[in-house]
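A structural walkthrough
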Amino acid sequence: EAQVTQNPRYLITVTGKKLTVTCSQNMNHEYMSWYRQDPGLGLRQIYYSMNVEVTDKGDVPEGYKVSRKEKRNFPLILESPSPNQTSLYFCASSRRQGNEKLFFGSGTQLSVL
Amino acid sequence: SQKIEQNSEALNIQEGKTATLTCNYTNYSPAYLQWYRQDPGRGPVFLLLIRENEKEKRKERLKVTFDTTLKQSLFHITASQPADSATYLCALPPGGYGQNFVFGPGTRLSVLP
């Protein structure tokens, strides 16, 4: 089944404790992206990747890192999480950037205490 | 940059009626526009794509129109059912290389039995 898999589904952590949210897609998509969704602010893009070893900042990249060493994986790293990073996070992928529908993961609800 | 407005934050309708959701955008006219459905705590799911040269697109009980003069898309659900209750997002593709999909804030539809 074609899908985007995110883990974990829920995560509670404390300020400053590094964490990684994993994202994997099995559709051989070139384009992958991370979004955060907050009430009243909608979906906002954090980082995106056009292909392996190519990543770039989205609208709200501060406090986040990403890597794209393999085509299928696109982990989101929070080196020193802060409470303002409490949010619902989505990974998404598409065949190419800008011209295709997006496939979203099920989301990761992150709480930073 | 592109900005999207969706008619209302929430819309309640009676089962069996037609729901009409509005998406208005500013600035450049995109080559296409997408509609997604999002259930609470889940990732958005692609529903329909309509291109600028298509006035109307249908898929089962769904109908989308695209008026580039008015810079507006209308999303209709006919014979609505309680299972149609969800948040519906419109999305515009990137305006250029390296830019992002822009998502509207969404309209939360509740179909009352």
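Bear in mind that the values here come from a model prediction, so they are computed numbers and not experimental data. (Residues numbered from 1 in each chain as written. Chains lettered and ligands numbered in written order. Predicted model: local features only at pLDDT ≥ 70, side-chain atom pairs only at ≥ 80, totals over all residues. Heavy atoms only, no water.)

1. Notes on the state of the cysteines
By definition, a disulfide links two cysteine residues through a covalent bond between their sulfur atoms. Residue and element names in this part refer to chain B. Selection criterion: Cysteine sulfur pairs qualify as disulfides if the two atoms are within 2.5 Å. Only DSSP runs of H or I covering at least 4 residues are called helices, and only runs of E covering at least 2 are called strands; the numbering of each starts at the N terminus.
As enumerated under the stated definition, the model contains 2 disulfides over all chains in all. Disulfide partner of cysteine 23: cysteine 90, at an S-S distance of 2.0 Å. As the torsion about the S-S bond is roughly 70°, the cysteine 23-cysteine 90 disulfide counts as right-handed. With cysteine 23 in strand β3 (residues 19-25) and cysteine 90 in strand β9 (residues 86-92), the pair connects residues that are 67 residues apart, well separated along the chain.

2. Comments concerning unusual backbone geometry
Spelled out, the test is: Only protein chains enter the accessibility calculation, which uses a 1.4 Å probe; a residue whose area is less than 20% of its type maximum is buried, one above 50% is exposed, and one in between is partly exposed.
Of the consecutive residues asparagine 7 of chain A and proline 8 of chain A, the connecting peptide bond is found in the cis state with omega at -5°. Along the chain, proline 8 of chain A turns up in the loop between β1 (4-7) and β2 (10-13). Of note in this structure, glutamate 60 of chain B is not a glycine but carries a positive phi near 55°. Among the secondary structure elements, glutamate 60 of chain B is positioned in the loop between β6 (56-59) and β7 (62-67). Positive phi, normally seen in glycine, also occurs at alanine 79 of chain B, with a value near 45°. With respect to the helices and strands, the residue alanine 79 of chain B is situated in the loop between β8 (72-77) and β9. With relative accessibility at 41%, the residue alanine 79 of chain B sits in the partly exposed group.

3. A short note on the interface of chain B and chain A
Heads up, the rule is: Whether two residues are in contact is decided by their heavy atoms: any pair within 4.5 Å suffices. The term buried area refers to how much accessible surface (probe radius 1.4 Å) is lost by two components on association, counted for both of them together. Put simply, a salt bridge is a Lys or Arg side-chain nitrogen that is within 4 Å of an Asp or Glu carboxyl oxygen. Polar contact is defined as a pair of N or O atoms within 3.5 Å, subject to the rule that within protein one atom must be able to donate a hydrogen and the other to accept it, and that residues adjacent in sequence are counted only when both atoms are side-chain atoms. For this scheme, ten residues count as nonpolar: Ala, Val, Leu, Ile, Met, Phe, Trp, Tyr, Cys and Pro. Four count as charged, namely Asp, Glu, Lys and Arg, and the remainder, Gly too, count as polar.
With 19 residues of chain B in contact, the opposing surface of chain A contributes 20 residues. Of the roughly 1,600 Å² buried between chain B and chain A on both sides combined, carbon and sulfur atoms contribute 51%. The largest share of the area that chain B buries against chain A comes from Asn100, Phe101 and Phe103 of chain B, three residues that together contribute 29% of it. Between chain B and chain A we count 0 salt bridges in total. Our count for the chain B to chain A interface comes out at 4 residue pairs in polar contact (both at pLDDT 80 or more). When the residues that make up the side of chain B that touches chain A are grouped by side-chain class, the tally is 10 nonpolar, 8 polar and 1 charged.

4. Observations regarding a nonpolar patch on the surface
Residue and element names in this part refer to chain A. To keep things clear, this is the line we draw: Patch membership is restricted to residues that have no salt bridge and whose relative accessible area is over 30%. Joining uses 9 Å for like charges and 5 Å for the nonpolar side chains Val, Leu, Ile, Met, Phe, Trp and Tyr. Using a 1.4 Å probe, the Shrake-Rupley method yields the accessible areas, and only the shown protein chains count as cover for residues.
Residues Ile12, Val14 and Leu113 make up a contiguous nonpolar surface patch of roughly 330 Å² in combined accessible area. Within the secondary structure layout, valine 14 lies in the loop between β2 and β3 (19-25). With relative accessibility at 44%, the residue valine 14 sits in the partly exposed group.

5. Digging into the pairing of strand β11 (residues 107-112) of chain B
Residues and elements named next belong to chain B. Inclusion rule: Two strands pair under a simple rule: DSSP has to find at least two bridges between them.
A one-sided burial pattern is seen for β11, the buried positions being Thr107, Leu109 and Val111 and the unburied ones Arg108, Ser110 and Leu112. Bridge count for strand β2 (residues 10-14) against β11 is 5 bridges, and the pairing is parallel. Looking across to β11, one finds that alanine 10 is bridged to arginine 108.

6. So, the sheet that holds strand β1 (residues 4-6) of chain B
All names here are of chain B. What counts is decided by this rule: Axis geometry follows a simple rule: fit a line to the C-alpha atoms, using only the stretch in contact for helices, then measure angles between N-to-C directions, giving values from 0 to 180 degrees.
Sheet architecture is open: 5 strands sit in the order β1-β3-β8-β7-β6, paired in antiparallel fashion. Where the open sheet ends on each side, the last strands, each with one partner, are β1 and β6. The sheet shows a mean angle of 15° between the axes of neighbouring strands, direction not considered. The pairing of β3 with β8 spans 6 bridges and is classified as antiparallel. Across the sheet, residue threonine 20 finds its bridge partner in β8, namely histidine 76.

7. Re the packing of aromatic side chains
To describe a pair of aromatic rings, you give the distance between the ring centres and the angle between the ring planes. How we decide: Under the pairing criterion, centres of Phe, Tyr and Trp rings, with the six-membered ring standing for Trp, must be within 6.5 Å; the plane angle then separates stacked pairs below 30 degrees from edge-to-face pairs above 60, leaving the rest tilted.
Enumeration according to the criterion identifies 13 aromatic pairs over all chains in this entry. Plain terms: the ring middles of tyrosine 35 of chain A and phenylalanine 104 of chain A are 5.8 Å apart, the flat faces sit at 45° to each other, and that makes the pair tilted. Of this pair, tyrosine 35 of chain A sits in strand β4 (residues 31-38) while phenylalanine 104 of chain A sits in strand β10 (residues 103-104); the two residues are 69 residues apart in sequence, bridging distant segments of the chain. For tyrosine 35 of chain A, a relative accessible area of 1% corresponds to the buried category. Given a relative accessible area of 11%, phenylalanine 104 of chain A falls into the buried group. Arranged with centres 5.3 Å apart and planes meeting at 35°, the rings of phenylalanine 75 of chain B and tyrosine 88 of chain B form a pair that is tilted. In this pair, phenylalanine 75 of chain B sits in strand β8 while tyrosine 88 of chain B sits in strand β9, placing the two residues 13 residues apart along the sequence. Overall, the relative accessible area of 0% leaves phenylalanine 75 of chain B in the buried class. Residue class for tyrosine 88 of chain B comes out buried when judged on its relative accessible area of 2%.

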